[in-house]
Each structure stands twice: as structure tokens, then as C-alpha cells.
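Chain by chain, the residues run as shown.
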Amino acid sequence: MLFRLKQRLTKPPIPLDIGGVRVKPSSRARRFSLRVDAKAGDVVFTWPLKSRVSLERAQRFVETHRGWIEDQRRKSADAIPFAPGATLHIAGAPCVIEHAPGRGLTRLEEGRIVVHGQPEHLPRRVKDFLKNEAMRALKRLSDEKASTLGLPPAPVRILDPKTRWGSCGPDGKLMYSWRLLLAPPEVMDYVVAHEVAHRVHLNHSRRFWALCAGLTADAAASRRWLRQNGRRLLAYG
Ligand SMILES: [Zn+2]
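Residues numbered from 1 in each chain as written. Predicted model: local features only at pLDDT ≥ 70, side-chain atom pairs only at ≥ 80, totals over all residues.

Caption draft 1: Expanded view of the sheet that holds strand S9 (residues 156-159). In space, the three strands of this open sheet follow the order S9-S11-S10, with mixed pairing throughout. Each edge of the open sheet is held by one strand with a lone partner, namely S9 and strand S10 (166-168). Averaged over all neighbouring strand pairs, the angle between strand axes comes to 15°, with direction disregarded. Alignment of S9 against strand S11 (residues 174-177), held across four bridges, turns out to be parallel. Looking at the pairing, Leu159 lines up with Ser177 of S11. Packing against the sheet, helix H4 (residues 122-148) makes contact with S9 and S11, and its axis sits at approximately 145° to S9. Here helix H5 (residues 185-198) sits on the sheet and contacts S10 and S11; the angle it forms with S10, its principal contact strand, is near 15°. (Pairing = 2+ DSSP bridges. Helix = DSSP H or I, 4+ residues; strand = E, 2+ residues; numbered from the N terminus. Axes fitted to C-alpha atoms, helices over the stretch in contact; angles between N-to-C directions. Contact = placed C-beta atoms within 7 Å.)

Caption draft 2: Geometry of the pairing of S11. Pairing geometry for S10 and S11, over three bridges, is antiparallel. Paired with Gly166 across the bridge in S11 is Tyr176. Adjacent in sequence and paired antiparallel, S10 and S11 are bridged by five residues, among which Gly172 carries a positive phi angle near 85°.

Caption draft 3: Broad picture of the nonpolar core. Membership of the largest hydrophobic core comes to 35 residues, with the highest contact counts inside it found for Val126, Ala134, Leu138, Tyr176, Leu180, Val191 and Ala193. Ranked by the residues each element gives to this core, the list is headed by H4, at nine residues. Of the domains in this structure, domain 2 (87-120) and domain 3 (125-234) are the two that each give at least three residues to this core. In this structure Ala134 touches Ile158, Trp178, Leu180 and Leu181, once residues within four positions along its chain are discounted. Counting six residues, the second-largest nonpolar core is a separate cluster that includes Val21, Val43, Ala58 and Ile69. (Core = buried A, V, L, I, M, F, W, Y, C linked by C-beta atoms within 7 Å. Buried ≥ 20, exposed ≤ 12 C-beta atoms within 10 Å, placed from the backbone. Domains from an automatic or database assignment.)

Caption draft 4: Summary view of unusual backbone geometry. One non-glycine residue, Ala91, adopts positive backbone phi at about 50°. By the element assignment, Ala91 lies in the loop between strand S5 (87-90) and strand S6 (93-99). A count of 17 C-beta atoms within 10 Å places Ala91 in the partly exposed class. Of note in the backbone geometry, Glu110 takes a positive phi value of approximately 45° without being a glycine. Following the sequence through the fold, Glu110 ends up in the loop between strand S7 (107-109) and strand S8 (112-115).

Caption draft 5: Main features of the sheet that holds strand S1 (residues 17-18). Taken together, the four strands give an open sheet; going across it, the order is S1-S2-S4-S3, and neighbouring strands pair in mixed fashion. Single-partner strands in this sheet number two, and they are S1 and strand S3 (33-37). Alignment of S3 against strand S4 (residues 42-48), held across five bridges, turns out to be antiparallel. In the sheet register, Leu34 faces S4, and the bridge partner there is Phe45.

This is how it looks when you write it as C-alpha cells:
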């Protein structure tokens, strides 16, 4: 009885967080550690259940690594990884990434992006899938808007530029960012209207803006959305 009481006294209660860092008890861990929980986008403190540890030592450990913790938090606030359980908005519709066993094509299924294969290949597979979907959607929209203007279809390329959402070459060839697929559909529609209008006016003249406005619902609102949210689109994957 005395022995049991002594044991209870020497094992401190496990706190929920230490200095603002979430604590995760682990029966396998033998010492303190800090790791990044990519899905939660935060740092987690591992509390070893097997070893005898004190709260003061744990607090000191967290404070010693404060700089690293804040660095990781800043980084994960910037990046939104493709991981199982994460939700993406594809053309405005929420889709949860789901890992499935065995082989199979990545596909959309009732609000889920189903991804087969090795878990470590999942981020790349999601990205490839989004690029393909982006190509389909952007090519179709570009052809539709070109035909409205009486123009033939133009070649479309899908890239990942960091400073622009699309471009139109002097030869009329179009380029778009695959990340537009993760924007609201009206924003994607505006970018296509913008680039297709450049096939007629290769400048930002008043006539260009008038033509662009006639090809999409609300160019001003979409431009505002991109100014305010564009950085977030760049954070995916
Ligand atoms: Zn332009």
C-alpha cells in the first residue's frame, strides 16, 4: 500500500500542454522529444510514460527549444501539406484526401480524393491528379471563351509559377497555374477570361478590360479574391 502510494507520488500528472505546446503521452518513447504534427500544423511534445520525468525538466526542455518551436510553427502556418484527412476545395467543392490500400487510379469519389499506393507517394499523386484536373477544366474553359470570340482553340500548358496565375504569349498560347483549381470556380473563370482576352488585345488597355469583363461574371470581385487569398493558394502541396 505504502509502495503504491509512493509510486503515485513520484509520477506527476501529465499536463495537457507545456508552455503552449500540446503534450502527447507515449508508451514507447524513453525521453522527451518535440515533433511537427503536419496535419495539425503544430508542434507536439512527447511525454515518455515509461521514464520517470518531472514537469520542471519538461518545461526546461520546451524553453530550451523555444526558437525551434516558433520556427516550425511559422513554417507550418505557411505550408498546407497534402495528407490524408486534409480538405481541399476543388472548383469550390470540399474534398477530403483519403489513402486507400492497393493499386488504383487517383479519383474523386463523393467528396473524397481517393489515393492508392505507398503512403509516401501520396502528396505527389495528389498533385499530379490536381494538375490533370486543372488541365481538363482550364482547356475546356479556354476553348469555350475563345469560341465566344470566334477564335480557334489554342494550346494550353499547366505550370506552377509563383508570381502569376496565367499568361498569354504573343503566339496566343496559354499558360495557367494548376493552383487555380483550388480557387472558387468564378475566380478560375476570370483568369481564363483575362488570358483569352489577351489573344485579342495583348495589353491592359480599356478595350482589353471591356472584352475581359464580357467573358466572365465579375472580374473585379475575382481580382480582389486573388489579391486577398492568392498567397494561400501557393501554400498547398
Ligand atoms: Zn493581363
